[in-house]
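# Structural overview for review
In case you want the letters, here they are:
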Amino acid sequence: SVQIWSVLKLLPLWLAQRLLPLSSFSRLAACRTRPHLESLGCSPRLSNCLTYLWGDCGTPPHLSSFAMHALLVNHYHNGSFYPVGGPNN
């Protein structure tokens, strides 16, 4: 989870390097988005629908980390918000 990842950032480097391979987040971070979706059985059309936000991070799905893509999608899950009065305030 992201909480575990955050705690790893606070630990000494030698300890974090030993614990990092145990994290499921690190395994997903090593996967690329497009191949991971293909391994789950997604069609190219479904894969395109699921990765439409790739422009927000700037890395195409065949190069991007699946974990980072999942964090980006989760960020927008409840919608985005503007301050009261719109973006100009």
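Everything that follows concerns the structure shown earlier in this document.
Treat the numbers as computed from the prediction; the structure is a model and nothing was measured.

### Regarding the side chain of Ser 65
Assignment of secondary structure puts Ser 65 in the loop between helix H6 (54-57) and helix H7 (66-76). Residue Ser 65 is classed as buried on the basis of its relative accessible area, which comes to 13%. Not counting residues within four places of it along the chain, the set of residues in contact with Ser 65 comprises Leu 28, Ala 29, Cys 31, Arg 32 and Thr 33.

### Quick word on the layout of surface pockets
Unoccupied space between atoms shows up once a probe the size of one water molecule is rolled over them. As a volume, the largest pocket reaches approximately 160 Å³. As for the largest pocket, its lining consists of Leu 37, Leu 40, Leu 50, Tyr 52, Leu 53, Phe 66, His 69, Ala 70, Val 73 and Tyr 76. Here the lining of the largest pocket gets 5 residues from one element, more than from any other, and that element is H7. Classifying every residue of the lining of the largest pocket by side-chain character gives 9 nonpolar, 1 polar and no charged.

What counts, and at which threshold
- Residues numbered from 1 in each chain as written.
- Predicted model: local features only at pLDDT ≥ 70, side-chain atom pairs only at ≥ 80, totals over all residues.
- Heavy atoms only, no water.
- Helix = DSSP H or I, 4+ residues; strand = E, 2+ residues; numbered from the N terminus.
- Buried < 20%, exposed > 50% of the residue type's maximum accessible area, 1.4 Å probe, protein only.
- Contact = heavy atoms within 4.5 Å.
- 1 Å grid on protein atoms, 1.4 Å probe; cavity = no way out; pocket = protein on both sides within 12 Å on 5 of 7 lines; lining within 4 Å.
- Points joined across faces, edges and corners; volume = space filled by probe spheres on them.
- Nonpolar A, V, L, I, M, F, W, Y, C, P; charged D, E, K, R; others polar.

Note that every value here comes from positions in space, so none of it alone points to a role or purpose.
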